[in-house]
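# Chain and residue survey
Residue strings, one per chain:
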Amino acid sequence: MSSQSARRPARSWVVPVAVLAVLALLIALVLNLSGGSREPDTGAAPAAQSESSATEDPSDAAPTEVQGAVQPDLTDLERRDEGDVLTAGPVDAPVALVIFSDYQCPYCARWSEETLPVMMERAEAGDLRIEWRDVNIFGEASERASRASYAAALQGSFWDYHDALYPDGVTRSESKLSQESLVSLADEMGLDTEQFAADMHSPETDEEIARNAKLGLDIGAYSTPAFILGGQPIVGAQPTQVFVDALDTALAS
């Protein structure tokens, strides 16, 4: 509910430059292997979405190391904040999944439809902490959608609203990400639309949206979706089994 807006500050984090370089190299490698990209219609730095066919061999689709390089440990990017409303699963789950996404990204929509439900089951079982972070690389419509999803989260409806922004695993058109349409969607879900509209542009929301976007861009997540699972990066809408295997490996270790 909106009373959740009284939250304690999240802890600060620092990522060594060497780790950032390795992660950027990993992202560049996977993007080159994926062979497909889409550029945002903004003046921002180019961003691509990596996709992978569900029929791909996961061992080919998700390379987990660069030859001659040590895989970075990015667990410091997990917030593990009890007051974080963009999450699922226990705060002290043994493994965390940090998701970097964009509400205009078709591969993010597909991943949310196909793989997120499986990850949510593992979160409900207590194995996984899920932390959602929007990077908004496609511009203003993406940012409005992330503001709206955060406003819904303040009323305890983040995941329901999130799913409504990706109906049947596809993105909504930009016109349906207008302020009016987003408030109307909240109304359809039975939310307090007056509070929702206010929360979309509150100082707390300003801070959270900017903080989440900065987190993704600072580590080089210019491609969506991108993930950190158990401290290890995964780039692109890889097959569900890639995430299941990575989670099981993290739990075993």
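Residues numbered from 1 in each chain as written. Predicted model: local features only at pLDDT ≥ 70, side-chain atom pairs only at ≥ 80, totals over all residues. Heavy atoms only, no water.

## Re the sheet that holds strand β3 (residues 128–134)
Overall, mixed pairing links the 5 strands, which are arranged β1-β3-β2-β4-β5 in an open sheet. Because the sheet does not close on itself, it has two edges, and the strands there are β1 (87–88) and β5 (232–235). Strands in contact with helix α6 (residues 158–165) are β1 and β3; relative to β3, the strand with the most contacts, it is inclined by about 55°. Relative to β3, helix α9 (residues 203–218) is tilted by about 100°, and along the sheet it contacts β2 (95–101) and β3. (Pairing = 2+ DSSP bridges. Helix = DSSP H or I, 4+ residues; strand = E, 2+ residues; numbered from the N terminus. Contact = heavy atoms within 4.5 Å. Axes fitted to C-alpha atoms, helices over the stretch in contact; angles between N-to-C directions.)

## Points about the packing of aromatic side chains
Tallying each qualifying case throughout the model produces 7 aromatic pairs. Taking the centre distance of 4.7 Å and the plane angle of 40° together, the rings of Trp-111 and Phe-227 count as tilted. Placement of the pair is Trp-111 in helix α3 (residues 106–114) and Phe-227 in strand β4 (residues 226–229), with a sequence separation of 116 residues. No difference in accessibility class separates Trp-111 from Phe-227, as the two residues are buried. (Phe/Tyr/Trp six-rings, centres within 6.5 Å; stacked < 30°, edge-to-face > 60°. Buried < 20%, exposed > 50% of the residue type's maximum accessible area, 1.4 Å probe, protein only.)

## Things to note about the environment of Asp-84
Looking at the secondary structure, you find Asp-84 in the loop between α2 (58–61) and β1. Sequence separation between Asp-84 and Leu-154 is 70 residues; the distance between their C-alpha atoms is 9.7 Å. Polar contacts involving the side chain of Asp-84 include one to the side chain of Arg-133, which spans 2.6 Å. (Polar contact = N/O pair within 3.5 Å; in protein donor to acceptor, adjacent residues only side chain to side chain.)

## Observations regarding the nonpolar core
Residues Phe-100, Trp-111, Leu-128, Ile-130, Trp-132, Tyr-161 and Phe-196 are the most contacted members of the largest nonpolar core, which totals 61 residues. Counting residues per element, this core draws most heavily on helix α5 (residues 140–153), which supplies 7 residues. (Core = buried A, V, L, I, M, F, W, Y, C linked by side-chain atoms within 4.5 Å.)

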